[in-house]
Amino acid sequence: MNNLPPVYRLKNGCIKFNQNLKLDFVWGLVFNDKGVYFIEIHFSELVDLDKFYNENKSYFLSENTGLHSITVEGYQFLADIVILRNLSPSEYTADFECYSYITIDKNNVLTISRF
């Protein structure tokens, strides 16, 4: 994102749209652009991202969407209220902006960032 270095690298996560709907992703990067956090997500090529988006379009813009993952260091990562900014099904990527908190659980020591 705009030549910014990532502040977190994610693996093995999911986007939770509600209790029953989630979309797994393979890896992601979190960027801080002057206090605004953007999350670039990469999906497996086995996911029909275009079909999933068309069937669940309203959930991508919902304020109930959260992102759960593990950092490459093995810490729990949670981003509340993420909203889709860009979707590229042919590249299996999506960009989200975080509108609330990012929480990192480093062995029961929480780091909470508010935006």
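Everything in this summary refers to the structure shown in the same document. (Residues numbered from 1 in each chain as written. Predicted model: local features only at pLDDT ≥ 70, side-chain atom pairs only at ≥ 80, totals over all residues. Heavy atoms only, no water.)

**Some points on the overall build of the protein**
Put simply, the rule reads: In DSSP terms, a helix is any run of H or I states spanning at least four residues, a strand is any run of E spanning at least two, and both are numbered starting from the N terminus. For the exposure calls, accessible area comes from a 1.4 Å probe over protein chains only, and a residue counts as buried if that area is under 20% of its type's maximum, exposed if over 50%, partly exposed in between. Only heavy atoms enter the contact rule, under which two residues are in contact if any of them lie within 4.5 Å. Here the open area of atoms and residues is found with the Shrake-Rupley method and a 1.4 Å probe, where only the protein chains shown may cover a residue. For this count, His and the chain ends are skipped, Lys and Arg are scored as positive, and Asp and Glu as negative. Every charge is mapped onto a representative atom, which is NZ of Lys, CZ of Arg, CG of Asp or CD of Glu.
Across its full length, the protein holds 2 helices and 9 strands. Helices and strands appear in the protein in the N-to-C order β-β-β-α-α-β-β-β-β-β-β. With respect to the principal axes defined by its C-alpha atoms, the protein has extents near 40 × 35 × 25 Å. Out of the 115 residues belonging to the protein, those deemed buried represent 42%. A separation of at least 24 residues holds for 49% of the contacts in the protein among residues at least 6 apart in sequence. For the protein, the computed accessible surface area is about 6800 Å², with 45% contributed by carbon and sulfur atoms. Charge-centre separation for the protein: the mean point of 10 positive side chains lies 5 Å from the mean point of 14 negative side chains.

**Here's the deal with unusual backbone geometry**
Working note: non-glycine residues mostly have negative phi, and peptide bonds are mostly trans. Despite not being glycine, Ile81 shows a phi value in the positive range, around 50°. Relative to the helices and strands, Ile81 is located in the loop between strand E5 (76–79) and strand E6 (82–88). Within the chain, Tyr92 stands out as a residue other than glycine whose phi angle is a positive 55°. Along the chain, Tyr92 falls in the loop between E6 and strand E7 (93–98).

**A few points about the pairing of strand E3 (residues 36–42)**
Heads up, the condition is: A strand pair is defined by DSSP finding two or more bridges across the two strands.
Buried residues dominate E3, accounting for 6 of its 7 residues. Relative to E3, strand E2 (residues 22–33) runs antiparallel, the two sharing 7 bridges. Bridge pairing in E3 links Phe31 to Phe38. Between E2 and the antiparallel strand that follows it, E3, lie 2 residues; Lys34 among them carries a positive phi value of about 55°. Of the pairings in the sheet, the one linking E3 to E7 comprises 5 bridges and is antiparallel in character. Note that in E7 the partner of Ile39 across the bridge is Phe96.

Shape descriptors only; they carry no functional weight alone.
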